[in-house]
Amino acid sequence: MSLPEEFHEIAGRVNNWGRWGADDEIGTLNLITDEVVQGAAASVRSGRRVPLGLPLQQDGVQTGMVPGRVNPLHTMVQINLETFGPGTVAWSDDAVTMGLQSATHWDALTHVSHSGRIYNGRPASTITPHGGAEFSGIDKARHIVSRGVLLDIPRALGQDRLAGDHAVTPDDLEAAEELAGTRVRSGDVVLVRTGQIRAYLGGDRHAYAYPSPGLSVHTPEWFHARDVAAVANDTLTFEIFPPEIENLWLPVHALNLVEMGMLQGQNWNLEELSTACGEEGRYAFLLSATPEPFVGATGTPVAPVAVL
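Residues numbered from 1 in each chain as written. Predicted model: local features only at pLDDT ≥ 70, side-chain atom pairs only at ≥ 80, totals over all residues. Heavy atoms only, no water.

Overview of the overall build of the protein chain
Then comes step 1: Check the secondary structure of the protein chain and you find nine helices and 15 strands.
Then comes step 2: Radius of gyration (C-alpha) of the protein chain: 20 Å, near the 19 Å computed for a compact globule of 308 residues.
Then comes step 3: On the principal axes, the C-alpha backbone points of the protein chain span a range of 70 × 50 × 40 Å.
Then comes step 4: By residue count, 51% of the 308 residues in the protein chain fall in the buried class.
Then comes step 5: When contacts within the protein chain are restricted to residue pairs at least 6 apart in sequence, those whose partners lie at least 24 apart make up 77%.
Then comes step 6: As displayed, the protein chain has an accessible area near 13600 Å², and 52% of this comes from carbon and sulfur atoms.
Then comes step 7: Both charge centroids of the protein chain, one from 20 positive and one from 37 negative side chains, sit 5 Å from each other. (Helix = DSSP H or I, 4+ residues; strand = E, 2+ residues; numbered from the N terminus. Rg over C-alpha atoms; globule rule 2.2 N^0.38 Å. Buried < 20%, exposed > 50% of the residue type's maximum accessible area, 1.4 Å probe, protein only. Contact = heavy atoms within 4.5 Å. Areas by Shrake-Rupley, 256 points an atom, 1.4 Å probe, with all protein chains shown as cover. Lys, Arg positive; Asp, Glu negative; His and termini not counted. Charge placed at Lys NZ, Arg CZ, Asp CG, Glu CD.)

As C-alpha cells, then:
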C-alpha cells in the first residue's frame, strides 16, 4: 500500500534535503550552533540537575511488540578475579545484550526509510547487515548539547496524563509553549510530555505501549517552522498509536527522520522534570543528551540530563 497524498504534501513542506549540502549527514543538528549553546548555558540559574533516562534493566519497557528489540540483559563475566595471583588486586567485569532502542534512546536519521530513501535522498540500501548505516549513523551526531524546552501538554490542558487516543496537535504545542512562557526557537531540543510513562512507572508496561498518545502527523510542520533541532517524548512509539489516519503507520517517524532530518527520542522520563519546571516556574534549561557513538547504528541509548 503506497503512502497517501496527504503524507506526500506534508513531506514536501518539511523536506530539508540539500539544505545543508548534498554531503550532510546530521540534518537539523546543524541548527545547534556555538551561539545557540552559549545561549543555552545562560539558561542555568539554580544548577538543579534532573536525569531523564530510564534505568537499563531486564524488566524494561519492551514487551516483545517490536521484534528483536530486547530489554537489557546484564551479565557478570568476571567477579573478583585475582589475575595476578592470590592476594592481589581483584577485578570484576560486565557485559550487556540489548536493543539499542530498548530504553531511553535517540533514533538516528536512518532508523526508518520510505519510498526506498533515507535522509538527504540517499538510498535505503546503504543500510546493510554487516556495516549498518553507511550514512547518518548515530555516531555522526557527535554531541547534542543545547537549550531544552519542556512542552508539558497535560499540565497545559489541566490533566495529569493524556488519554491513549490523544494526538498531540500544533494547538497543543502552542498551549504548552504559552504555559512555558518562552518561545521555541532555532536550535532548541523540544521535550514533549504526555504523561504516558506513568503507566510504565506504575508497573504496567503493556498499558504503556498500547494504546498510546503521541505526536500528530501535523506536528512536523510546527517543528520545521520553528527550526527545532531534535524532539523527544515520554512514550514508546513517539507518535500516536494506533495511527490517527487509518493504515498510515509511523508517518511522523518518516517525516521527522527522513524528510526533515530531525532526530527523535523515545522513552524519556519527563515526570521529575515536569515537577522541577513547575516548582521553578520556567521550562527552558541546558540539556545534555549526547548519543552513545555506536558506529553505523540506527539508534542508541542515551542518559539525558536537564540543568535548570
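Alright, that's what it looks like, and here's the rest.
A look at the environment of valine 189
Then comes step 1: Tracing the chain through its elements places valine 189 in strand β9 (residues 189-193).
Then comes step 2: Given the relative accessible area of 0%, valine 189 is considered buried.
Then comes step 3: Not counting chain neighbours up to four residues away, the residues in contact with valine 189 comprise Trp106, Ile144, Ser146, Arg147, Gly148, Val149, Ala230 and Leu287.

Some words on the pattern of salt bridges
Then comes step 1: Scanning the model with the defined rule gives 13 salt bridges in all.
Then comes step 2: Of the charged contacts in the structure, one is a salt bridge between aspartate 59 and arginine 205, with a shortest N-O distance of 3.6 Å. Taken together, the positions of aspartate 59 in the loop between β1 (49-51) and β2 (73-81) and arginine 205 in helix α6 (residues 205-209) put the pair 146 residues apart, joining distant regions of the chain.
Then comes step 3: With a relative accessible area of 26%, arginine 205 lands in the partly exposed category. (Salt bridge = Lys/Arg side-chain N within 4 Å of Asp/Glu carboxyl O.)

So, the packing of aromatic side chains
Then comes step 1: In the structure shown here, the tally under the stated rule is five aromatic pairs.
Then comes step 2: The structure contains a cluster of three or more aromatic residues connected by ring pairs, namely Tyr210, Phe241 and Trp249.
Then comes step 3: The aromatic ring of phenylalanine 135 is capped on one face by arginine 122, whose charged end is 4.4 Å from the ring centroid. (Phe/Tyr/Trp six-rings, centres within 6.5 Å; stacked < 30°, edge-to-face > 60°. Lys NZ or Arg CZ within 6 Å of the ring centre and 35° of its normal.)

Interpretation note: all reported values are geometric properties and have no functional meaning in isolation.
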